[in-house]
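Examination of the molecular architecture
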Amino acid sequence: DVKVTQSSRYLVKRTGEKVFLECVQDMDHENMFWYRQDPGLGLRLIYFSYDVKMKEKGDIPEGYSVSREKKERFSLILESASTNQTSMYLCASSPPRGPNEQYFGPGTRLTVT
Amino acid sequence: AQKVTQAQTEISVVEKEDVTLDCVYETRDTTYYLFWYKQPPSGELVFLIRRNSFDEQNEISGRYSWNFQKSTSSFNFTITASQVVDSAVYFCALRAGGGADGLTFGKGTHLIIQP
């Protein structure tokens, strides 16, 4: 089975802190994604990557950056956390082409105070 | 631009009732893929089904069935004889083409099955 793991289930940070959310997948997938989930808004795509060191902006990239130094690992970075970034963050991965579904991690619930 | 609409924010039914979750999508692409995911209270999204734009056959898997109609741009999901374990948030999602793009999700339908 595909396994996508995220470094923390719950995280509390202060405004202005730099925050790293880590995601690791074990199925050698080329594509990886970061979404945020907010009540009433569903899931929205922040960034995605289709190869090592490659990244593409999603629908809501402002305030975030990403890093993909290794195929299995995709990091989401909040350079200076703000309270409006309090959310559930979900990582996903998928094979490179075709109709393949995305496999999701358990999510990180981030609270910025 | 792509869009997925799940008009039902919350549905509550009594166990053993049948329930249908609606999904309407918009895309200009001729090749696209539709998905349904389930998010139980534990939070992890679970893949349920994928359907491509060239395959309008309905699908049944146990108590679950899906009705895809291109003419109305709908991909509805029916649970027959619902059970308490079906309680979850259900998301419909769309991806166009065959590239690496992310999914466009609907806002989700919170399904509550009362015993």
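Right, let's walk through the structure included here.

By size, the foremost hydrophobic cluster in this structure holds 23 residues, and its most contacted members are Trp36(B), Phe77(B) and Tyr90(B). If you list the elements that add at least two residues to this core, you get β2 (10–14), β3 (19–21), β5 (32–39), β8 (64–69), β9 (74–79), β10 (88–96) and β12 (109–114) of chain B. In terms of residues, this core owes the most to one element, β10(B), which gives four residues. In this structure, Phe77(B) is in contact with Val19(B), Thr20(B), Leu21(B), Trp36(B), Leu48(B), Tyr64(B), Ser65(B), Trp66(B) and Tyr90(B), ignoring residues within four places of it in sequence. Among the nonpolar cores identified, the runner-up in size contains 20 residues, and Val19(A), Leu21(A), Trp34(A) and Ala81(A) belong to it.

Right, let's get into the pairing of β8(B). Residue and element names in this part refer to chain B. Burial along β8 is one-sided: Tyr 64, Trp 66 and Phe 68 are buried, while Ser 65, Asn 67 and Gln 69, pointing the other way, are not. Inspection of the sheet shows strand β7 (residues 59–61) paired to β8 by three bridges, in the antiparallel sense. Along β8, the bridge assignment pairs Ser 61 with Tyr 64. Here β7 folds back onto β8, and the loop between the two strands holds two residues, one of which, Gly 62, carries a positive phi near 65 degrees. Direction of pairing for β8 relative to β9: antiparallel, over a ladder of six bridges. Bridged to Asn 67 within β9 is Asn 76.

Before going further, it helps to examine the packing of aromatic side chains. Summed over all chains, the structure comprises 19 aromatic pairs over all chains. Each ring, one from Phe33(A) and one from Phe48(A), has its centre 6.0 Å from the other, and the planes form 25 degrees; the classification is stacked. With a gap of 15 residues between them, Phe33(A) in strand β4 (residues 31–38) and Phe48(A) in strand β5 (residues 42–49) connect regions that are remote in the sequence. With respect to class, Phe33(A) is no different from Phe48(A); both count as buried. With centroids separated by 5.3 Å and ring planes inclined at 85 degrees, the aromatic side chains of Phe104(A) and Tyr37(B) adopt a geometry described as edge-to-face. Of this pair, Phe104(A) sits in strand β10 (residues 103–104) while Tyr37(B) is found in strand β5, placing the two residues in two different chains. We classify Tyr37(B) as buried; its relative accessible area is 0%.

About the criteria used
Residues numbered from 1 in each chain as written. Chains lettered and ligands numbered in written order. Predicted model: local features only at pLDDT ≥ 70, side-chain atom pairs only at ≥ 80, totals over all residues. Heavy atoms only, no water. Core = buried A, V, L, I, M, F, W, Y, C linked by side-chain atoms within 4.5 Å. Buried < 20%, exposed > 50% of the residue type's maximum accessible area, 1.4 Å probe, protein only. Helix = DSSP H or I, 4+ residues; strand = E, 2+ residues; numbered from the N terminus. Contact = heavy atoms within 4.5 Å. Pairing = 2+ DSSP bridges. Phe/Tyr/Trp six-rings, centres within 6.5 Å; stacked < 30°, edge-to-face > 60°.

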